[in-house]
Amino acid sequence: MPFRPNVQDELIIAGTIYRVAEHPAAPGFPYGQEGRAGIVYQLLSLTSYPAPAGREVGGEGRVALKVFKPRFRTPALVAQAEKLAALADLPGLRATQRTVLTPTHHAALLQQHPDLIYAVLMPWIEGPTWQEVLLAKRPLDPRQVLTLARELAEVLTHMEQRAIAHCDLSGPNVLLPALTPAFGSPSPAGRGDRGEGVALVDLEGLYAPGFGRPEALSSGSAGYAHREAADGLWGPQADRFAGAVLLAEMLGWCDPQVVQAAWGESYFDPAEMQRDTVRYQALVAALTRRWGESVSDLFTRAWHSQTLADCPTFAEWLLALSAHQKEEEYTDGDAVNHLMSRARQLEDAGDLEEAARVYREAQKMTSSSALRTELNQIIAYLEQRQAQKQRRDNQAQQAQAYARAGRWQEAIAIYERLLLEPAPQFQRQEWQTALEHCRAELELADLFSAAEQAVAEKKWASAIELLEIVLKRRPGYAYRNSTAQDLLAKAKREMARQAKAPLRSFIRTLLVGLLTVLALSAVGVGSVFVYQRLAEEAQQQAIAAATAQAAPWQTVTAQAQLTAQALATQQAQSTSQAEATRIALATERAQSTAQARQTAEALAAERATATLQAKQTATSIAIERMSATAQAEQTATAVAAAFATATAQAAKASQPVARPPAPPQPVNPPAAPAQPSPGAFLNFEQNLNWRRGDQPYGQLERSSEQVKSGAYAAKLSYDFPATSDNFVVFVARPAIGIPSQATGLVAWVYGNGSGHFLNVWVLDAQGEVRSYTFGRIWHQGWQTMVAWFDDDRGWPNGHISGPSDGRLNPPAQFYALVLDGVPDGQASSGVIYIDDIFITTQPIPQPTPTPSPLPPQPPSQPPTLPPPPPPTTTQGAVLPEPPSINQFAQVVSLLVLGMLISTGLLSSGLGRTTQRNAECEHEHDNAGPSSPKPEE
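Everything numeric in this text was worked out from a predicted model, so none of it was measured.

1. Some words on the overall build of the protein chain
Scanning the protein chain for helices and strands turns up 18 helices and 24 strands. When the 936 residues of the protein chain are sorted by exposure, 39% land in the buried category. In the protein chain, of all internal contacts separated by at least 6 residues, the share reaching a separation of at least 24 is 73%. Taken as a whole, the protein chain presents about 50,500 Å² of accessible surface, with 55% of it coming from carbon and sulfur.

Encoded structure:
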C-alpha cells in the first residue's frame, strides 16, 4: 500500500530513530511537500548510533526523506547518489549529500514500508522556495533582491565552470535560506545553516561529466522553458535561459509594478515565453530603471536567443551584479557621491525625471556652492531633455492611436520623424519595430483592397492570388469587417462556377439542336401522312361518284359495256402500278425508319458501354483505395504490436521482480480506469489546450466514456454540413515536440466505420505545416492506426501552409489533429475517440502497387431488327396515283433545312464552349496556390 505516514510515526533507518514532523501551518498533518517526482517529508532524529562511513546522512536535527513516485523509483539512484556525493562541497548543492534506501542495507524498514524502496534521505534545508515568494505577491527590499540574485549567480557560476547543470531550474527548485524565518526577515546569520543564501533541490536530473543520461529528459518547467527545451535538456548549457529568467525575476521583485504584473507560480505566463509581451516590457523597463542597461541587456539577450548557447554566461551576470553590490556598500560620508552616481545611472537609463529628483537630493546635501551651481545646470538640462522626451512620448502615443485605428500612413509618418531625433537606443528600437509593423499592415491592407477590387471586377484568378498572399503572411486576416478567408472562398466558388458554365451552355445548345431536328422531322413525316390521307379520301369520293353515274346506264348496249370493261381494265392496271409505287415508297420509308432505330440503339448501347466502363474504373479505384487502407492498417497494427512488445520488455527489465504479462485488453474498456500506457507520446491524461480551426464543425475534449488506457481519452465529435470544406482542425497549444528520429505516429482510435480520414498536421523546423494521414476510419471499436511521415505518398499527405520544399525538416512538432469528411459536400455526424499516441522509428513501408485497371469491354453489337413487313392495303382502297416528285422534294427539303439549322446551332455552341474553356484555363493557370485543405 502507498506510504502515508502520520504525525509522530517513527522510522528506524540504520540504527537512527526518526519521527515524522508536524506541518507548522497545518496541525495534525505531516510536514510534506509534493514535487514532480515525489513527496519530501521532514523527519526529526531522536537517537544516533554509529553507521558505516559515507553511508548515512542525518543524525541530530532535521532531515528530509524524499519518497519517489513509482515511475521514478530506479536502481540507478544508488549509483547516482555516489556520484552526487562528490559535489556536496559546492555552494548551493548541500542536497547532494544523501543516502538511498536499498534492500541490501535497509531490509527490515522496506519490508514494513515497501514504497520506501530507493527513497532518499538527505539534509533538510530551511527556507521558502522562490515560487512561494512569487505567490505571496509581496515586494522585497532592493538590498535583499540584489543579495539573492548575486548568491544564485555565484552558485550557477561555480556549477558552470565545472560543466555542471541542474537541467530543470525553476521557482520550486530554488530554496532561499536567506529569507528565514519569514519572508523579508533574515536568519541570525543572514543565511542558512551552512552559510548559503540559496540552495538547489530536486537534483535527480543533474548533468555533470561522467553522469549517466536519464531515461526521461526534462523539457523545462512552465514559465522557464527555452524554445530548444522541447527536445529535452541535457548538457552543460541547459541552465542558461532558466537561470536568466530567475535572476531577472529576483532583481525585478523590488518594483511594485513588476509584482502586480506577475502571472502566478512564475512571473511569465508559459504561453508567452520569448515573445515581446506587455509583461516582458514591464520587467525590462524595471531592470533598466533599477539596475541599469548592463543588467537589462543580459536578460534581453537571453530572452531573444535562438539557442541556449546564445544566452549570456552566469559569469557575465555575476560581474554585472558585483558592480552594484559595491555601490551599495558606501558610507554616510559618500552619500552625495553615491546620489550623483545613482542619478547618472538613471540618466543613462532614460529616466530623466527620477535622475533630476536624485540630483536635487544631492544638491540639498552638499555644502559646496560650486557643486550646487553645477547641479543647477544639470537639472535645467535634464528638464529640457524631459520636455523633449515628453514631446516624443506624445508623438509616439499619437502614432499608436493612428495604428489602432488602422490609419497606417499617418502612423508611419510619425514614426519616421521620431527616428530622426536623438533618443535612447531602447526607444529607437521600439519605434523601429512599430514602424515595420505599420508598414507590413499597410502592405496587407493594400493587397486586400486590390483583391476586393479584383472581386468587384470579377477577375477571380487575380483575386485568389492576392488573397492567398495575404493569408500566407497573416492567417485569419480581416479588414473593414471583411475577412480574407471568406473573400477567398467566394472567389474560388465563382471561378469554379465560371469554369462549369461552358459545359452547361454546350448541353443547352445540343438539346436545342436535337429538339429542332426532331420537330422538323415530325413536321415532314406528318405532311406525308396528311397528303396520303387526303389522296385516299379523294379517290374514294371519285369512285362513289362514278358508281352513282353508271347506275342509270345499266341498259346500254354490249358495245358500251365492252368499252366500260376496257376502261376498267386500263384503270385497274393504272391502280396496280400506283399500288406498287406506293408499296415501294412505304418499304423504303420503313427501311429508313429501321436504320434510324438501329442508329439510336447503337448510340444507346455505346453510352451504356461508356457508363459501364466508368463504373468499372470507379470500382477499381475504390478497390485500390481499400487495399491501400487495409495494408496501412495491417502495417499500423504490426508496428503498434512491435512497439507494445518493446515497451513491455523495457518495463519488465526495469522491475526488480519479474511479473507475468498482463492479459490482452478487451474491445470495450472496463468500468474502472486503466493505467496509462508507458512511453506514450500523448495520452490525453492532462488537459491540453486544443484550439479549433476556422471550420466550426466539431469539438475535441477529454472524456472517460471510451478509454484505451489511463483515465481519459480524446473525444472528437463532429457534425459536417453538406459543404466542400467538411473537415475540422484542432491545434495543440503549445505544440508538442517530435524526436528527429521519428518516422511516424501510432494512435489507438475508437472508430465508428464512417470512412473519414484522420490526419495529423506537423510543423517542421522551416515553419512548414505538412499533413500525414492515419488512414480512413473503416473499423468499429479500438484499433491502432499509423501516420507515416512519407513525403512521397499522395493525398491527403502533403503541404498545408508555410514555405514548402516537399519534405519534412526535423526537428518537428505535433501541430494539429484533423478529421476530414469523405466525400466532400456530404453531411455527416458522429463521434470517435483517440488515446495513446506513440512515436515509431520503424522504417516507412513501401506503398502497395496500384493494380492495373481492367481493359474496357467492347460494346455489344445491337440486335439487328428485321425490316417491318410491307403494309397491306385496305380492301377496296385504290390510289389514283403516287405522290408527285415536287411533293416528295418539298418533304425532303424540310428535313434538310432542319438538319442545317441544328448543325449551325451546334457549331456556334461548340465555338462558344471552346472559347470559354480557353478563358477559364487561362485564368486557372494564373491562379495562386490552393486552399490549406488538400483537394481530393
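Resuming the write-up.
2. Here's the deal with the packing of helix α5 (residues 240-252) against helix α7 (residues 278-291)
With their axes 9 Å apart at the nearest point, α5 and α7 run at an angle of 60° to one another. Crossing handedness for the pair α5 and α7: left-handed. Residues Ala248, Leu251 and Gly252 of α5 touch α7, and the partners they reach there are Leu283, Leu287 and Trp291. Its residues assigned to classes, the contact of α5 with α7 shows five nonpolar, one polar and no charged.

3. Overview of the sheet that holds strand β15 (residues 698-703)
Reading across the sheet, the five strands line up as β15-β16-β24-β18-β21 and stay open at both edges, with antiparallel pairing between neighbours. Looking at the sheet topology across the chains shown, the edges are occupied by β15 and β21 (780-788). Taken pair by pair, the neighbouring strands of this sheet meet at an average axis angle of 30°, ignoring direction.

4. Quick notes on the pattern of salt bridges
Across all of its chains, the model carries 30 salt bridges by this definition. Salt-bridge contacts for Asp255 lead to Arg290; the nearest nitrogen and oxygen are separated by 3.9 Å. Taken together, the positions of Asp255 in the loop between α5 and α6 (256-261) and Arg290 in helix α7 put the pair 35 residues apart, joining distant regions of the chain. Judged by relative accessible area, Asp255 falls into the buried class, the value being 3%. Given the relative accessible area of 29%, Arg290 is considered partly exposed.

5. As for the pairing of strand β9 (residues 120-123)
Looking at chain direction, strand β7 (residues 62-68) and β9 are connected through four bridges and run antiparallel. Bridge pairing links Val63 to Pro123 in β9. As paired elements, strand β8 (residues 99-100) and β9 share two bridges and run antiparallel to each other. Bridging across to β9, Val100 finds its partner in Val120.

6. With respect to the nonpolar core
Soluble globular proteins: nonpolar side chains tend toward being buried together. By size, the foremost hydrophobic cluster in this structure holds 76 residues, and its most contacted members are Trp130, Leu200, Trp253 and Phe299. Ignoring anything within four residues of it in the chain, the contact list for Phe299 reads Ala244, Val245, Ala248, Phe268, Tyr280, Leu283, Val284, Leu287 and Trp317.

7. Structural notes on the sheet that holds strand β23 (residues 812-820)
Read across the open sheet, the six strands follow the order β14-β17-β23-β19-β20-β22; overall the sheet is antiparallel. The open sheet has two free edges, formed respectively by β14 (689-692) and β22 (798-801), since each of these has just one partner strand. Strand-to-strand twist in this sheet, taken as the mean axis angle between neighbours without regard to direction, amounts to 30°. In terms of strand pairing, strand β17 (residues 727-738) meets β23 through eight bridges, oriented antiparallel. Bridge assignment links Gly737 to a residue of β23, and that residue is Gln813.

8. A closer look at unusual backbone geometry
Residues other than glycine predominantly adopt negative phi, and peptide bonds predominantly adopt the trans conformation. In this structure, the amide linkage connecting Pro810 to the following residue, Pro811, adopts the cis form with an omega of 0°. Tracing the backbone through its elements, the reader meets Pro811 in the loop between β22 and β23. The phi angle at Asp202 is positive, at roughly 60°, despite the residue not being glycine. Looking at where Asp202 falls in the secondary structure, it is placed in the loop between β11 (199-200) and α5.

9. So, helix α8 (residues 293-303)
Buried residues of α8: Val295, Ser296, Leu298, Phe299, Ala302 and Trp303, and no others. Projected onto a plane normal to the axis of α8, the buried residues spread over an arc of 155° and lie on a single side.

10. Some words on a nonpolar patch on the surface
Where nonpolar side chains cluster on the molecular surface, the patch consists of Leu503, Ile507, Leu510, Leu511 and Leu514 and spans about 440 Å² of accessible area. Relative to the elements of secondary structure, Ile507 occurs in helix α16 (residues 484-550).

11. Structural notes on the confidence of the model for the protein chain
When pLDDT is averaged along the protein chain, the result is 77, and 74% of the positions lie at 70 or above. Low confidence marks residues 923-936, where pLDDT is under 50. Its contacts with residues over four positions away, or in another chain, come to 33 contacts.

12. Comments concerning the environment of Arg289
You can see Arg289 is positioned in helix α7. For the pair Arg289 and Ala349, spaced 60 residues apart in the sequence, the C-alpha separation amounts to 6.1 Å.

13. Quick word on the packing of aromatic side chains
Applying the stated rule across the entire model yields 19 aromatic pairs. Residues Tyr207 and Trp234 carry aromatic rings whose centres are separated by 4.9 Å and whose planes lie at 90° to one another, so their mutual orientation is edge-to-face. Of this pair, Tyr207 sits in the loop between β11 and α5 while Trp234 sits in the loop between β11 and α5, and the two are 27 residues apart along the sequence. Consider the rings of Tyr750 and Trp782, whose centres lie 5.3 Å apart with planes at 70°: the pair is edge-to-face. Here Tyr750, found in strand β18 (residues 744-752), pairs with Trp782, found in strand β21; they are 32 residues apart in sequence, far enough to count as distant. Of the two residues examined, Tyr750 and Trp782, each falls in the buried class.

Quick notes on the rules
Residues numbered from 1 in each chain as written. Predicted model: local features only at pLDDT ≥ 70, side-chain atom pairs only at ≥ 80, totals over all residues. Heavy atoms only, no water. Helix = DSSP H or I, 4+ residues; strand = E, 2+ residues; numbered from the N terminus. Buried < 20%, exposed > 50% of the residue type's maximum accessible area, 1.4 Å probe, protein only. Contact = heavy atoms within 4.5 Å. Areas by Shrake-Rupley, 256 points an atom, 1.4 Å probe, with all protein chains shown as cover. Axes fitted to C-alpha atoms, helices over the stretch in contact; angles between N-to-C directions. Left-handed = near helix turned anticlockwise from the far one by under 90°. Nonpolar A, V, L, I, M, F, W, Y, C, P; charged D, E, K, R; others polar. Pairing = 2+ DSSP bridges. Salt bridge = Lys/Arg side-chain N within 4 Å of Asp/Glu carboxyl O. Core = buried A, V, L, I, M, F, W, Y, C linked by side-chain atoms within 4.5 Å. Arc of directions from axis to C-beta. Patch = residues over 30% accessible without salt bridge, like charges linked within 9 Å, V, L, I, M, F, W, Y side chains within 5 Å. pLDDT = per-residue confidence, 0-100. Phe/Tyr/Trp six-rings, centres within 6.5 Å; stacked < 30°, edge-to-face > 60°.

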